[in-house]
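A look at the structure
Spelled out, the chains give:
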Amino acid sequence: MNTKQTKKKSAATAVKHRAKNPAATAVKEKRQIAARLIPIYIMGKRYEVPEGLTIMKAMEYAGYILIRGCGCRGGTCGACGTVYRKPGDYKLQVALACQKTVEPDMYIAQIPFFPANRALYDFAVLTAAPEEVFKLYPEMFRCVACNSCTKACPQGIEVMDAISALKQGNISEAAQLSFDCIQCGLCTSRCFGELAQYHMLQLARRIYGAKIVPRAEHLAEMVKAVNEGRYDRFLDELKQAKEDELKKLYQEREVEPMAAGEDWKPKDTRYL
Amino acid sequence: MGLAYYPGCTLKTRARNLEEPAVASMEALGLKLDEVPRWNCCGAVYSLADDDLIHQVAPVRNLIRAKEQGKDELVTLCAFCFNTLKRANLLMKEDAEKRNTINSFMNEEVDYSGEVKVVHLLEVLRDEIGWEALSQKVKLPLRELKAAPYYGCTLLRPREVAIDSVENPTILREFLKALGASPVDFPESARCCGSYQVISSPGDISEYARPILNSALSHGAEALVLTCPLCDYNLGRGQKELAKKQSEFREMPLFYFTQLLALALGLGPQACHFELNHGNPESLLREKNLLSQGESVQPIGGQR
């Protein structure tokens, strides 16, 4: 019963709000069946937005047109780092605007870009010696282990542990701990020691991937076989095929099952 | 039985010749060093500013890691880490107001109030193993090696964290005697190596080293025995510069105490990483018959 009343009230508020907000008038008709509206504050200004929207959608609902601070909308590009606070909570919260749904009375500000120095290096001549990373990012040693970076990470990475590993010369550990990093830069925005954690750890992952992990021997063999033309014949067959034939081949193709074991092989082994 | 062990950043890079022989030796002595998980920098230097609590967070976090392991003792190797951790521990034990501030700042960790005892490996050797028992484990006595114990500052000062008598320390002398070496006392054995001052005035590095090295040499030392990577850096670089300035100045090998321990326990030069040492130790080790015919101070397969 209460809910009904609230809904009615919210709908009324929504109409009032819409009048003030020309950018939102286009969706007037749909609004009649919209979810309950909740108040949020974007850069200090109050807006009422439908419950259930992500912060990013809510900002657009409020009339913002995002040309920066918005990328994949799927939580993987790191463009929409956002900070917010809730009344009564002294702690700053972090989120990706495209992932976090709005909550009543959130005070929101986006930090789509945070200035941080990225070292210049010629990756081809870098080795996996930790001293080279120390030279590129000497500010690493300003870390006081306050752990603010970890608390600011929307990906839940133990950022401070990764930086500690790097300081200890353990590039592999730093790379593995920071594997989920999306380079949003929120760690750096909170750093007491002025470290650019996300750039440092990206370098660690690059070195790990290119210079520490053993090369896959079978890959080199396969590349050699491709270059030697072992598969040219099959490609030529496809090139010469008629459209209907191609469609048929595509539709009848054999797909590797989701949980296929390492020894899985297709029924037709001509192309292996 | 394992001891909770805190290595420190430098021991994983430049000072592997301090850590690796210690780990090997303690395993041989039946007291394995178990690295505490998720440790971070010790704080590098203890902050003396009364209200500078943020610089106490790093050492306290490490002490919490030991507490989380259910350990009541944390063993350190690097004299500087020892000093920073032990003083931060003292602060947490004795100053309730600062303890509360630090604990509430670190709200993601369990509360800490100085429960873990910070000890240096030399104390473990003295108090938990004993010099007599240690000497019985020696397989290659360091006979005729005239080694001068150099304490530097951080194992002895300030008094409340000292592992031995501040004015007249003997712990390294006793250690060397247990290994069969001939310790050489010299009056500058606890004089400061220059510490971090050499960063702000790098030109002075040899002037800090000069009185220490001259004093040890004039008392007949053939090598200096250290516990701290910063002393090693300053004295090592300092003596190189002195040798450039004065043609008659003779560089001497600088050893970490853990290298001599591993060598005396018969773990071989490969456990010691002598290739990272200042002052070319090979000729002295050969002269004292501490390297056998086929042995070299060079690592197998080169450096990592």
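Residues numbered from 1 in each chain as written. Chains lettered and ligands numbered in written order. Predicted model: local features only at pLDDT ≥ 70, side-chain atom pairs only at ≥ 80, totals over all residues. Heavy atoms only, no water.

1. So, the overall build of chain A
- Counting secondary structure elements, chain A contains 12 helices and five strands.
- Looking at chain A as a whole, 38% of its 272 residues are labelled buried.
- Per element, the accessible surface of chain A, about 17,100 Å² overall, is 55% carbon and sulfur. (Helix = DSSP H or I, 4+ residues; strand = E, 2+ residues; numbered from the N terminus. Buried < 20%, exposed > 50% of the residue type's maximum accessible area, 1.4 Å probe, protein only. Areas by Shrake-Rupley, 256 points an atom, 1.4 Å probe, with all protein chains shown as cover.)

2. Quick word on the packing of helix α3 (residues 54-68) of chain B against helix α4 (residues 79-94) of chain B
All names here are of chain B.
- Their axes nearest at 9 Å, the elements α3 and α4 cross at an angle of 90°. By the angle class used here, α3 and α4 are roughly perpendicular. Judged by residue contacts, Q56, P59, V60, N62 and L63 of α3 engage T84, L85, A88, N89, L91 and M92 from α4.
- For the contact of α3 with α4, the residue count by class is seven nonpolar, four polar and no charged. (Axes fitted to C-alpha atoms, helices over the stretch in contact; angles between N-to-C directions. Parallel < 35°, antiparallel > 145°, perpendicular 65-115°, else oblique. Contact = heavy atoms within 4.5 Å. Nonpolar A, V, L, I, M, F, W, Y, C, P; charged D, E, K, R; others polar.)

3. A word on helix α2 (residues 16-28) of chain B
- A rise of 1.5 Å per residue sets the reference length of α2(B), with its 13 residues, at 18 Å; its end C-alpha atoms lie 18 Å apart and thus fit the reference within 8%.
- Just past α2(B), the residue B:G30 takes up positive phi, approximately 80°. (Expected span 1.5 Å × (residues − 1).)

4. Quick notes on the domain arrangement of chain B
Residues and elements named next belong to chain B.
- What the domain assignment reports for chain B is domain 1 (2-121) and domain 2 (138-303).
- Here the C-alpha centroids of domain 1 and domain 2 sit 25 Å apart.
- Listed per partner, the contact involves 27 residues of domain 1 and 29 residues of domain 2.
- Both sides of the domain 1 and domain 2 interface together cover about 2,300 Å² of buried area, and 73% of this is carbon and sulfur.
- At the boundary of domain 1 and domain 2, one finds zero salt bridges.
- Viewed at the interface, domain 2 and domain 1 are joined by nine residue pairs in polar contact (both at pLDDT 80 or more).
- No other element matches the nine residues that α2 contributes to the side of domain 1 that touches domain 2.
- Counted by class, the side of domain 1 that touches domain 2 contains 17 nonpolar, five polar and five charged residues. (Domains from an automatic or database assignment. Buried area = accessible area lost by both parts, 1.4 Å probe. Salt bridge = Lys/Arg side-chain N within 4 Å of Asp/Glu carboxyl O. Polar contact = N/O pair within 3.5 Å; in protein donor to acceptor, adjacent residues only side chain to side chain.)

5. Let's talk about a positive patch on the surface
All names here are of chain B.
- A contiguous patch of positive charge, built from R14, R237, K240 and K244, is present on the exposed surface.
- Here K244 is to be found in helix α11 (residues 229-245).
- With a relative accessible area of 72%, K244 lands in the exposed category. (Patch = residues over 30% accessible without salt bridge, like charges linked within 9 Å, V, L, I, M, F, W, Y side chains within 5 Å. Lys, Arg positive; Asp, Glu negative; His and termini not counted. Charge placed at Lys NZ, Arg CZ, Asp CG, Glu CD.)

6. Overview of the interface of chain B and chain A
- Tallying the contact residues gives 16 residues for chain B and 18 residues for chain A.
- Around 1,400 Å² of area is buried between chain B and chain A when both sides are counted, 53% of it from carbon and sulfur atoms.
- When the buried area of chain B at its contact with chain A is split by residue, B:T13, B:R38 and B:I54 rank highest and sum to 29% of it.
- The interface formed by chain B and chain A contains three salt bridges.
- For B:R38, the salt bridge goes to A:E158, with nearest N and O atoms at 3.2 Å.
- Taken together, chain B and chain A are joined by nine residue pairs in polar contact (both at pLDDT 80 or more).
- If you list the elements that add at least two residues to the side of chain B that touches chain A, you get α1 (9-12) and α3 of chain B.
- By residue number, the principal contributor to the side of chain B that touches chain A is α3(B), which donates five residues.

7. Let's talk about the pattern of salt bridges
- Under the definition given, this model contains 32 salt bridges over all chains.
- A salt bridge links A:E252 to A:K248; its shortest N-O distance comes to 3.6 Å.
- What makes A:E252 exposed here is its relative accessible area of 55%.
- For A:K248, a relative accessible area of 49% puts it in the partly exposed group.
- One salt bridge connects B:R286 with B:E282, and the closest N-O pair in it is separated by 2.8 Å. Of this pair, B:R286 and B:E282 both sit in helix α13 (residues 282-287), separated by four residues, roughly a single helical turn.
- Overlapping salt bridges bring together A:K151, B:R61, B:R65, B:E68, B:E108 and B:E109 as one network.

8. Notes on the packing of aromatic side chains
Residues and elements named next belong to chain A.
- The tally for this structure, following the rule as stated, stands at 11 aromatic pairs over all chains.
- Note on Y41 and Y107: the rings are 4.1 Å apart at their centroids and 0° apart in plane angle, and the pair reads as stacked. Of the two residues, Y41 sits in strand β1 (residues 37-42) while Y107 sits in strand β5 (residues 107-110), which places them 66 residues apart along the sequence.
- We classify Y107 as partly exposed; its relative accessible area is 42%. (Phe/Tyr/Trp six-rings, centres within 6.5 Å; stacked < 30°, edge-to-face > 60°.)

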